[in-house]
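# Residue-level structural notes
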Amino acid sequence: MDSDDLEAPAADGEGGLRKVIHVDMDAFFASVEQRDEPSLRGKPVAVGGSSERGVVAAASYEARKFGVRSAMPSVTAARLCPDLIFRKARFEVYKEVSQQIRAIFRDYTPHVEPLSLDEAYLDVTEDVRGIGSATRIAELIRARIKEETGLTASAGVSYNKMLAKLASDQNKPDGLCVIRPGEGAAFVATLPVRRFHGVGPRGAEKMARLGIETGADLRARDLAFLRANFGAMADYLYRAARGIDLRRVSAHRARKSVSAERTFDHDLSSGLALREALETIADHAWERIERSKSRGRTVTLKLKLADFQTISRVRSIAAPVASRAEFGRLGLELLDTLLPLPMPVRLMGLGLSSLEGEEDDEAAAAPPGQPDQLALF
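Note that the structure is predicted; figures quoted are calculated from it, not measured. (Residues numbered from 1 in each chain as written. Predicted model: local features only at pLDDT ≥ 70, side-chain atom pairs only at ≥ 80, totals over all residues. Heavy atoms only, no water.)

With respect to burial, helix 1 (residues 28-36) is a largely interior element, 7 of its 9 residues being buried. Those residues of helix 1 that fall on the buried side of the exposure criterion are Phe28, Phe29, Ala30, Ser31, Val32, Glu33 and Gln34. Buried residues along helix 1 sit against strand 1 (20-25), strand 2 (45-48), strand 3 (56-59), helix 2 (61-64), strand 4 (85-87) and helix 4 (91-106). (Buried < 20%, exposed > 50% of the residue type's maximum accessible area, 1.4 Å probe, protein only. Helix = DSSP H or I, 4+ residues; strand = E, 2+ residues; numbered from the N terminus. Contact = heavy atoms within 4.5 Å.)

Structure, rendered in structure tokens:
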């Protein structure tokens, strides 16, 4: 994507044409383990707990070939891949490597928006080093990451954040994909809807029942249809199907939520046990809220049942939650709306969102709520 390419008019009415790179490290945690322990290279590796209650935090590409995925129960992963090697997470090491990578990013632009330890958006519209091409900048960044950390990264280059993120996943691992102005709508038309951020497995199933399998199918539905079937997600889906995303790359991205969660040693089923557990989780979450000096109006309760089904309940109030007592009370009220539950609970979480200072332009293209919002329908 050279500078001449970016003088082309935006397709489908996209505004704020930019040069955006999304860099995503390949199987980051697992790759760090393989780098630091050469005997693991080429073998299926999972980072996470290997106990009965353990969960996979990351899986190497060798493990993914067997169907092992992050957030999968460790017992399931071990059943899918009997030779799977588990390693405990070393988050301090991952953070240190992440800082190395971010330092590389900042050599090319001050506009870096980290999403997590292993991925970030970069706005290189202002070519501070005079390289002349966003694609070339992405190539240089990937080469430096490999040289300085021994790890590989995939990158997507496009004219908005959504397309850049989709592109970075297109040629993984160790790949590069460029979506030029005028190509966005055609690119998303070919994608299965499950590739769209915010569309979980159950959301994709619901869309399939409505005859929506691809981005093209989604684009063929008008806004009224989408609102009738997908509620608050409708406007986002309408824009996404057209490759539209007006969000800025923000180097000072506002925190979206503060929360705490716990996976229980044994599944809980009684209302008394669940309420006691919620009080403990609320204590941990409120400590984080106070430490981050956050103020928010929305309390979210998350439960993962014994069959791994996730249930969420949300309540928003007019003024920011003022105290730990109010935070806990709202959480308990949400829990009471769910009791009695159809089966025991293996994980519980409580969080605060709608925080003061959130960026308004995030609503321009990002799906509302949690990334798997549609899975809850």
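In this section: the sheet that holds strand 1. The sheet built from 5 strands is open, its strands ordered 5-6-1-7-8 with mixed pairing. Of all the strands in the sheet, just strand 5 (112-116) and strand 8 (176-178) have a single pairing partner and so form its edges. Going from strand to strand, the sheet's axes swing by 15 degrees on average, the running direction of each strand aside. One ladder, built from 4 bridges, connects strand 5 with strand 6 (residues 119-123); its direction is antiparallel. Along strand 6, the bridge assignment pairs Pro114 with Ala120. Set on the sheet, helix 5 (residues 134-149) makes contact with strand 1, strand 6, strand 7 (153-158) and strand 8; between it and strand 7 the angle comes to about 170 degrees. (Pairing = 2+ DSSP bridges. Axes fitted to C-alpha atoms, helices over the stretch in contact; angles between N-to-C directions.)

In summary, the side chains of a regular strand alternate between the two faces of the sheet. With 7 bridges connecting them, strand 10 (residues 296-305) and strand 11 (residues 310-316) associate as antiparallel partners. What sits directly across from Leu303, in strand 11, is Ile311. Taking the residues that link successive antiparallel strands as the turn, the strand 10-strand 11 hairpin has 4 residues, and the phi of Phe308 there is positive, at about 75 degrees.

Attention shifts here to the packing of helix 4 against helix 5. A pair of packed helices can be characterised by two numbers: the angle between their axes and the separation between those axes. At a minimum axis separation of 10 Å, helix 4 and helix 5 run at an interaxial angle of 145 degrees. Note on packing geometry: the crossing formed by helix 4 with helix 5 is right-handed. The segment helix 4 lies against helix 5, with Val97, Gln100, Ile101, Ile104 and Phe105 engaging Ile141, Arg144, Ile145, Glu148 and Thr149. Residue composition of the contact of helix 4 with helix 5, grouped by class: 6 nonpolar, 2 polar and 2 charged. (Left-handed = near helix turned anticlockwise from the far one by under 90°. Nonpolar A, V, L, I, M, F, W, Y, C, P; charged D, E, K, R; others polar.)

Counting through the fold element by element, Phe66 comes out in the loop between helix 2 and helix 3 (74-80). Residue class for Phe66 comes out partly exposed when judged on its relative accessible area of 44%. Along the chain, Phe66 and Ala77 lie 11 residues apart, while their C-alpha atoms are 8.5 Å from each other. The residues contacting Phe66, other than those within four sequence positions of it, are Leu80 and Cys81.

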